[in-house]
Amino acid sequence: MFYNYLKITLRNIKKHKGYSFINIIGLSVGMACCILILLWVQDELSYDKFHEHADEIYRVITHQQSAEGIQSAALSPPPLADYLVSGFPEIVNATRLRIHNNWMMKTGNKKFMEDGIAFLEPSFFEIFSFPFIQGDPKTALSNPGSLIITQSMAEKYFGKEDPVGKTMNADNNLDFVITGVIRDIPDNSHISFRFAVSFTLLPELFNWKMDRWTDVMYQTYIQLQKGTSFEQVNSKIAGILKEKTNNQKFKLELQPLKAIHLHSSSLQWESVAQGDIKQVRLFSILAFLVLIMACINFISLTTARGANRAKEVGMRKVTGAARMDIIKQFLGESILFTSFGFIVAIGLVDLLLPAFNGLSGKHITMSTFFNLSFLPIMIGIVMITGFLSGSYPALFLSSFQPAKVLKGKLKMGGKSSNFRKILVTVQFTVSVFLITSTLVVFSQLQYVRNKKLGYDKEHIIYLPVRGDIPANYEPAKNELLKHNDILNVTVGSSLPTLPGHYWSGLDWPGKDPASKPAMWFYSVDFDFIKTFDIKMASGRDYSKDLSTDSSNYIINEAAAKYMGLFEPVGKWFARGEKRGTIIGVVKDFHFETIKRTVEPLVLHVSPFYQYIFVKVRPDNLSGVIHHIEDVWERFNPEFPMEYHFLDEAFDSIYRTEYRMGNLFRYFTALAIFISSLGLLGLASFMTQERTKEIGIRKVLGASQSNIFMLLSKDFMFYMAISNIIGWAIAYISMSKWLQNWAYHTQFHVLFFILAALISFIIVLMSVSYQAIKAALANPVDSLHYE
């Protein structure tokens, strides 16, 4: 039977080369797009599943009610882990961690600035499955001087030498002995680090207290007993922080390990960029739509050419074949046809995968494609595509009555023609929806790039502060300013693209004594506002000439509103025992992603900063950087200099959205290409079917423009209907997407006009060739042929 289906399929491909080529290309491009998206989706869904106890591991989330709503972070106080293990028998283990960046690691003559230094407890390796190449996970962090490194770091610093037992220095301050080497952290892990040191170092290094329930600044993970309901544990632990801090605004919640990567987009202070389940759903729908469009091509062209196989169906029925036999035959042919397309799709996936990885930021290889776990997905794609493509043609073609077929009385029209019209309309609707959605996404990303942030981010170089720079900042700053192309220098505790420190224990005139407010704080120097060109709403900037300004405060407009102070300048403000005067109010500027509204912020002069910002003229960047390097080498020779541009840091916040926009744009283009192939084939068929009619019309005086309109008007009518439906769907779905942004572009009528224009151009390009060819043809030839 399989041989017969194969023989018939190959015969039809040979007989109708043009249509077969269109079908195979359409199916292969559709399946290739679907496979690429599914590979991406599988990679997104695979995060953290490699851990042995993945189903029993949970992360603690802290929610806090604030004036702007609920703020959530995967952070918790240091006493919580021990409290959970000792107080809840369902919790068998717990561990705490913090990950720090920008440490100088050195051994011998090799020294590099490194990110990903994790402070871990021994219980971390009891809960998580990060395999050791060397060392014992139970004892590798048994003392404060222990250090665990990843395999790539071992090769980077020691080459082929055995690193265990060797010494590494951190920040010219700490000496560690390497006690273990682990495999590199997989890409599909939400926890990522390169070095691990003992958690017990934190109190010693930073003078942090480990018994404070108000210090919500550590990541806590727990392991539940197998079979325990985490919902029940959730309800039990929810009020712990309320009880311990006497603050009713706190609430704890458990987050399953496997859900972290795709369900953490609303959390703050994530150490690794996370995915978003909304994007997974969006691209899954996109994959389905692209595949459906390829199937519609197959259905339209197969049913349109039904008359070519009518006699074959009639003869088979006369010789005793049942309708189910005919259905099986056409479904089998469809699956075989799809299989040919799938072979081509594999080649396309292999060809497009490097570009796809570049767009998506993934490292997917063809080995993932040929993995046994992906085999059911591949089989499913072929079978589903085959059945979707072949089901209606099989039912339609098998319904032919042999008597009418063999007498030549079969009329190809009616229901099959109407169904093709519906399919064409659906295909156009999907195209219009994708075009409109792409325009909205592009417009929003352009809005993000061009939005006025309230500060000047252009031509600003920033350097992470390490080593002797804090002690030598003023003389180093003076040396930097000697270069003519350096306009200003300042410092800050955080980048303007990130929130600073969140402090509570605040007080001001008229504050409700029962409230426990908290706001963001930036540590700055006297030139911060001037360097970033932040505008003053009222009051004045900091002045070096006034010694009292080092204890005064400047707030933003959101903070003034939050405190209920209509004229805050001159009012006193206190953080704990540090009391000063509000000397100015700056206009709100975006120090977080514009997905969020501007929150209350306090600027205060402090020596505790992490970055130096250098505002420069863009004309001589190489000379400026060389001067900065010279100054750095003079004042901080032990630490290598690392510099970045602030506008690049800003763009990195929206890297995920930029990638999504690029992927969406390219897959929309491929979907339009598939739709155009179907239009081209259908227009060719309709032109052939109406050859005699066209000839008669031309003999009776129809002009070339009349013939062109005759063949194009139906497609234009379907496109008009599709635009109305596609606009409505796009408006509803993209309006919801824009709601994820606190600041977003407006839904312009121009989006609909451009979508209509693009879609009509696509139809004209797809249909015009056949229409013009028919209009220019000699009617004598067509009538003689008939």
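To be clear, the structure that these remarks concern was listed above.
The sections below set out a description of the structure shown in this document. Since this is a predicted model, take the numbers as computed values, not measurements. (Residues numbered from 1 in each chain as written. Predicted model: local features only at pLDDT ≥ 70, side-chain atom pairs only at ≥ 80, totals over all residues. Heavy atoms only, no water.)

1. Thoughts on the overall build of the protein
Each helix and strand in the protein was counted, giving 25 helices and 25 strands. Per-residue burial over the protein gives 52% buried out of 786 residues. Across the protein, every contact between residues at least 6 apart in sequence was considered, and the portion connecting residues at least 24 apart equals 79%. Split by element, the accessible area of the protein, about 36,100 Å² in all, is 57% carbon and sulfur. (Helix = DSSP H or I, 4+ residues; strand = E, 2+ residues; numbered from the N terminus. Buried < 20%, exposed > 50% of the residue type's maximum accessible area, 1.4 Å probe, protein only. Contact = heavy atoms within 4.5 Å. Areas by Shrake-Rupley, 256 points an atom, 1.4 Å probe, with all protein chains shown as cover.)

2. Description of the packing of aromatic side chains
Inspection of the entire model under this criterion finds 46 aromatic pairs. Here the aromatic rings of Tyr 83 and Trp 213 are separated by 5.6 Å at their centres, their planes lie at 90°, and the arrangement is edge-to-face. Here Tyr 83, found in helix H3 (residues 80–87), pairs with Trp 213, found in the loop between helix H6 (201–206) and strand S12 (219–224); they are 130 residues apart in sequence, far enough to count as distant. Accessibility expressed as a relative area gives 27% for Tyr 83, which makes it partly exposed. Through successive ring pairs, a cluster of aromatic residues spans Tyr 455, Tyr 462, Tyr 522, Phe 528, Phe 532, Phe 589, Phe 591, Tyr 611 and Phe 613. If you follow Lys 457 out to its NZ or CZ, it ends over the ring of Phe 650, 4.8 Å from the centre. The ring of Trp 572 is capped by Arg 579, whose NZ or CZ atom sits 3.8 Å from the centre of that ring. (Phe/Tyr/Trp six-rings, centres within 6.5 Å; stacked < 30°, edge-to-face > 60°. Lys NZ or Arg CZ within 6 Å of the ring centre and 35° of its normal.)

3. Points about the pattern of salt bridges
Side-chain pairs of opposite charge can arise where the charged atoms are in close proximity. Applying the stated criterion to the full structure yields 24 salt bridges. Here Asp 456 ties to Lys 615 by a salt bridge, and the two come within 2.7 Å at their closest N and O atoms. With a gap of 159 residues between them, Asp 456 in the loop between helix H15 (414–450) and strand S14 (460–464) and Lys 615 in strand S24 (residues 611–616) connect regions that are remote in the sequence. With a relative accessible area of 25%, Asp 456 lands in the partly exposed category. A salt bridge links Asp 527 to Lys 530; its shortest N-O distance comes to 3.6 Å. For Asp 527, a relative accessible area of 8% puts it in the buried group. Because the salt bridges share partners, they merge into one network encompassing Lys 477, Asp 525, Asp 527, Lys 530 and Lys 544. (Salt bridge = Lys/Arg side-chain N within 4 Å of Asp/Glu carboxyl O.)

4. Observations regarding unusual backbone geometry
The phi angle of most residues is negative, glycine excepted, and most peptide bonds adopt the trans form. Backbone geometry places Asn 102, a non-glycine residue, at a positive phi of 65°. For Asn 102, the position within the fold is in the loop between strand S3 (91–100) and strand S4 (103–107). One non-glycine residue, Asp 533, lies in positive phi territory at about 55°. Secondary-structure assignment places Asp 533 in the loop between helix H17 (528–531) and strand S19 (536–539).

5. Some points on a nonpolar patch on the surface
On the surface, a cluster of nonpolar side chains totalling about 750 Å² of accessible area is made up of Val 749, Leu 750, Ile 753, Leu 754, Leu 757, Ile 758, Ile 761 and Met 765. The residue Ile 758 is located in helix H24 (residues 749–776) in this model. Residue class for Ile 758 comes out partly exposed when judged on its relative accessible area of 32%. (Patch = residues over 30% accessible without salt bridge, like charges linked within 9 Å, V, L, I, M, F, W, Y side chains within 5 Å.)

6. Side note on the pairing of S3
Burial analysis of S3 places 9 of its 10 residues in the buried class, which makes it a mostly covered element. Looking at chain direction, S3 and S12 are connected through 6 bridges and run antiparallel. Paired with Leu 97 across the bridge in S12 is Gln 219. Across 4 bridges, the pairing between S3 and strand S6 (residues 117–120) is antiparallel. (Pairing = 2+ DSSP bridges.)

7. Some remarks on the side chain of Lys 615
Note on Lys 615: relative accessible area 14%, which makes it buried. In this structure the side chain of Lys 615 is engaged in a polar contact, spanning 2.7 Å, whose partner is the side chain of Asp 456. In contact with Lys 615, other than residues within four places in its own chain, are Asp 456, Glu 458, His 459, Ile 460, Asp 485, Ile 486, Leu 487, Asn 488 and Thr 531. (Polar contact = N/O pair within 3.5 Å; in protein donor to acceptor, adjacent residues only side chain to side chain.)

8. Overview of the packing of helix H16 (residues 473–480) against helix H19 (residues 621–635)
Think of two packed helices as two axes; the pair is described by the angle between the axes and how far apart they sit. Close contact between H16 and H19 brings their axes to 10 Å; oriented N to C, the two are set at 155°. The angle between H16 and H19 places the two elements in the roughly antiparallel class. The crossing of H16 and H19 is right-handed. Where H16 abuts H19, its residues Pro 475, Ala 476, Glu 479 and Leu 480 lie against His 627, Ile 628, Val 631, Arg 634 and Phe 635. (Axes fitted to C-alpha atoms, helices over the stretch in contact; angles between N-to-C directions. Parallel < 35°, antiparallel > 145°, perpendicular 65-115°, else oblique. Left-handed = near helix turned anticlockwise from the far one by under 90°.)

9. Describing H3
Of the residues making up H3, those classed as buried are Leu 80, Ala 81 and Leu 84. Across the axial projection of H3, the buried residues extend over an arc of 105°, all falling on one side. Turned more than 90 degrees from where H3 packs its buried face, Asp 82 and Ser 86 sit exposed. (Arc of directions from axis to C-beta.)

10. A few points about the environment of Ala 514
By the element assignment, Ala 514 lies in the loop between strand S17 (506–507) and strand S18 (519–524). For Ala 514, a relative accessible area of 66% gives the class exposed. Once the C-alpha coordinates of Ala 514 and Asn 247 are considered, the two residues, 267 residues apart in sequence, prove to be 10.0 Å apart.

11. A short note on the environment of Gly 361
Position of Gly 361 relative to the elements: it lies in the loop between helix H11 (323–360) and helix H12 (366–369). Considered as a pair, Gly 361 and Arg 655 are 294 residues apart in the sequence and their alpha carbons are 9.4 Å apart.

12. A look at the side chain of Gln 444
Structurally, Gln 444 is set in helix H15. In this structure Gln 444 comes out as buried when scored by relative accessible area, which is 0%. A polar side-chain atom of Gln 444 sits 2.8 Å from the main-chain amide nitrogen of Thr 745. Not counting residues up to four positions away in its chain, the partners in contact with Gln 444 are Trp 737, Leu 738, Trp 741, Tyr 743, His 744 and Thr 745.

13. Quick word on helix H20 (residues 646–653)
By the burial criterion, the buried members of H20 are Leu 646, Ala 649 and Phe 650. One side of H20 carries all its buried residues, which in axial view fall inside an arc of 100°.

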